[in-house]
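A structural walkthrough
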Amino acid sequence: AYPPVFESIESTEAPGESAEELAGEPAVEEPVKVIGNLRIGIPLYNVFLNEADEWSRRLQTEVSEWALQLTERLPDSTVALAHSLAGSSATVGFEALSAIARALEHSMQHTQGLAWGTEQHGSAYVDAAEEIRRLLHQFAAGFLKAPDAAVTEALRALDRLDIPRRPSLTDDSVLPPLDDAEPLQ
């Protein structure tokens, strides 16, 4: 079995010698990055930071662009970026980043079904994307920070907005009347 790639510093193992040391073999430790109470294997840490940096940059760009055209449906790619950030940060144990990315993902999924977004949506999503970037930069510098509670609350407040649902493609209201349709040639 492979050793865990990351683990909490607060280990549940009893103090003393490891199984390898008791067997007469020296213990080989993987180099780790310690951030707060996390111990993350260097290879995983590097992959996470590279991917998360790119995903968060793209998320910030896509959200900012969507905030300028709130009547358009929020792109699936934007939701996927938040999903990827939530999952990868959970994998390394960065629960604060995972939680805000997951909240953003769920809110964006809900917004995709609405007839339109509001300036409140645009502002909340831009702020959340910026907060994700801030948390990542702090993490890269070796600090585990909690997300700004106001950002998370702004995402939750979006659920209380009264906006009609986006009509589905099967709704008759979306199809043009037959007498206005151009004849097929």
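Up top is the structure.
The following refers to the structure shown. The model shown is predicted, which means the values in this text are computed figures rather than measured ones.

1. Details of the nonpolar core
In this structure, Phe48, Leu59, Leu104, Met108, Tyr125 and Phe139 are the most contacted members of the largest nonpolar core, which totals 37 residues. Residue assignment for this core shows that the elements contributing at least two residues are strand 3 (38–41), helix 2 (42–66), helix 3 (76–91), helix 4 (95–112), helix 5 (119–140) and helix 6 (149–157). Sorting elements by how many residues they give to this core places helix 5 first, with nine residues.

2. Describing helix 6
Listing the buried residues of helix 6 in full gives Val151, Thr152, Leu155 and Ala157. Looking at the buried residues of helix 6, the elements they touch are helix 4 and helix 5. Its side-chain oxygen at 2.9 Å from the backbone nitrogen of Ala150, Asp148 defines the N-terminal cap of helix 6.

3. Thoughts on helix 4
Here helix 4 is 18 residues long and its end C-alpha atoms lie 25 Å apart, about the 26 Å a rise of 1.5 Å per residue gives. Among the residues of helix 4, Leu97, Ser98, Ile100, Ala101, Leu104, Glu105, Ser107, Met108, Thr111 and Gln112 are the ones counted as buried. Considering only its buried residues, helix 4 is in contact with helix 2, helix 3, helix 5 and helix 6.

4. Describing the pairing of strand 2 (residues 32–35)
Note: strand 2 against strand 3, four bridges, orientation antiparallel. Across the sheet, the residue bridging to Val32 is Gly41, located in strand 3. Remark: two residues form the turn of the hairpin made by strand 2 and strand 3, two consecutive strands paired antiparallel; Gly36 in that turn has positive phi of roughly 60°.

The rules behind these values
Residues numbered from 1 in each chain as written. Predicted model: local features only at pLDDT ≥ 70, side-chain atom pairs only at ≥ 80, totals over all residues. Heavy atoms only, no water. Core = buried A, V, L, I, M, F, W, Y, C linked by side-chain atoms within 4.5 Å. Buried < 20%, exposed > 50% of the residue type's maximum accessible area, 1.4 Å probe, protein only. Helix = DSSP H or I, 4+ residues; strand = E, 2+ residues; numbered from the N terminus. Contact = heavy atoms within 4.5 Å. Polar contact = N/O pair within 3.5 Å; in protein donor to acceptor, adjacent residues only side chain to side chain. Expected span 1.5 Å × (residues − 1). Pairing = 2+ DSSP bridges.

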